[in-house]
Amino acid sequence: MPATLSEIDIKILVALQEDSRLTVQELADRVGTSPSSCWRRLKSLEETGVIRRYTALVDPKAAAVGECVFAHVTLDRHSAETAAIFIDAVRKRPEVLECYAVSGDADYLLRVAVRAIADYNRFLEEFVFQLPFQVRIRSNFALKEIKFETALPLGGGA
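Residues numbered from 1 in each chain as written. Predicted model: local features only at pLDDT ≥ 70, side-chain atom pairs only at ≥ 80, totals over all residues. Heavy atoms only, no water.

(A) Representation of the UniProt feature "domain: HTH asnC-type" (unreviewed entry) in the protein chain. Within the UniProt annotation, "domain: HTH asnC-type" (unreviewed entry) is assigned to residues 5–66. Secondary structure content for residues 5–66 is 53% helix and 0% strand, and the end C-alpha separation is 37 Å. (UniProt positions renumbered as here; feature names shortened; annotations may be inferred. Helix = DSSP H or I, 4+ residues; strand = E, 2+ residues; numbered from the N terminus.)

(B) Spatial organisation of the nonpolar core. Grouped together as the largest cluster of nonpolar side chains are 21 residues, with contacts concentrated most on Val73, Phe86, Leu110, Val112, Tyr120 and Phe123. When contributions to this core are tallied by element, the ones reaching two or more residues are strand E1 (67–75), helix H4 (80–91), strand E3 (108–114) and helix H5 (117–126). If we ignore the near neighbours within four places in the chain, the residues touching Tyr120 are Val69, Ala71, Val112, Val114, Ile137, Ser139 and Phe141. Membership of the second largest hydrophobic core comes to 13 residues, among which are Ala15, Leu16, Val31 and Cys38. (Core = buried A, V, L, I, M, F, W, Y, C linked by side-chain atoms within 4.5 Å. Buried < 20%, exposed > 50% of the residue type's maximum accessible area, 1.4 Å probe, protein only. Contact = heavy atoms within 4.5 Å.)

(C) Structural view of the pattern of salt bridges. A full pass over the atoms with the stated rule returns 9 salt bridges. Residues Lys11 and Glu7 are paired through a salt bridge, measuring 3.7 Å at the closest nitrogen-oxygen approach. With a gap of 4 residues between them, Lys11 and Glu7 both fall in helix H1 (residues 7–18), about one helical turn apart. When its relative accessible area of 59% is taken as the criterion, Glu7 is described as exposed. (Salt bridge = Lys/Arg side-chain N within 4 Å of Asp/Glu carboxyl O.)

(D) Fine view of the packing of aromatic side chains. Counted under the stated rule, the structure contains 4 aromatic pairs. With a centroid separation of 5.3 Å and an interplanar angle of 35 degrees, the aromatic rings of Phe123 and Phe127 are classed as tilted. As far as the burial class goes, Phe123 and Phe127 line up, both buried. An aromatic cluster is present here, built from Tyr120, Phe123, Phe127 and Phe141 joined pairwise through their rings. (Phe/Tyr/Trp six-rings, centres within 6.5 Å; stacked < 30°, edge-to-face > 60°.)

(E) Geometry of the side chain of Glu95. Topologically, Glu95 is positioned in the loop between H4 and strand E2 (96–101). Given the relative accessible area of 17%, Glu95 is considered buried. Ignoring any residue separated from it by four or fewer positions in sequence, one finds Glu95 in contact with Arg111, Val112, Ala113, Val114 and Phe123.

(F) Local environment of the sheet that holds E3. If you trace the 4 strands from one edge of the open sheet to the other, you get E2-E3-E1-E4, paired in antiparallel fashion. On the outer flanks of this sheet lie E2 and strand E4 (135–141), each paired with one strand and no other. For this sheet, the mean inter-axis angle between neighbouring strands, taken without regard to orientation, is 20 degrees. Two strands pair when backbone bridges link them, and E1 and E3 are joined in this way by 7 bridges, in the antiparallel orientation. (Pairing = 2+ DSSP bridges. Axes fitted to C-alpha atoms, helices over the stretch in contact; angles between N-to-C directions.)

(G) Focus on the layout of surface pockets. Empty space within the largest pocket amounts to approximately 2,100 Å³. As for the largest pocket, its lining consists of 48 residues, of which Thr55, Leu57, Arg111, Phe148 and Thr150 are closest to the centre. At the level of secondary structure, the elements contributing two or more residues to the lining of the largest pocket comprise H1, E1, E2 and E3. Taken together, the residues of the lining of the largest pocket break down into 27 nonpolar, 6 polar and 15 charged. Lining the second largest pocket are Ile87, Val90, Arg91, Arg93, Val96, Leu97, Glu98, Cys99, Tyr100, Ala101 and Tyr108. (1 Å grid on protein atoms, 1.4 Å probe; cavity = no way out; pocket = protein on both sides within 12 Å on 5 of 7 lines; lining within 4 Å. Points joined across faces, edges and corners; volume = space filled by probe spheres on them. Nonpolar A, V, L, I, M, F, W, Y, C, P; charged D, E, K, R; others polar.)

Below, the structure written as structure tokens:
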């Protein structure tokens, strides 16, 4: 069930999406509340799972992991067991940054980050083609990143 967020909660989330390294004091100043109230709200947002974690965004090209591939995966057998095996296997692959069950022509959409095309080929050969069932895969290589955002559009500026 989605959390009911107050105006202050939303301001906290917007501010943290811009800069998660803010101190509680800085955050409280930004959202217009006391540090103790801000800290309680922040802890509540963490405990209820609204805030999943804090992280750093690493530039893929600067870290030499600049190839982004979108893989559309279709399982040839549709069963709960096959899906569970696939999902469990995908969760163990560090190069798979995102995986979604989707509607349309494919069953899953993966966002895969690799250093080079040869690494993606190795991912296919050592992972996808080794699954205990057949899959069809259609790969699209990103030519250029046009927009990349991680902040959710919550509204209510901080």
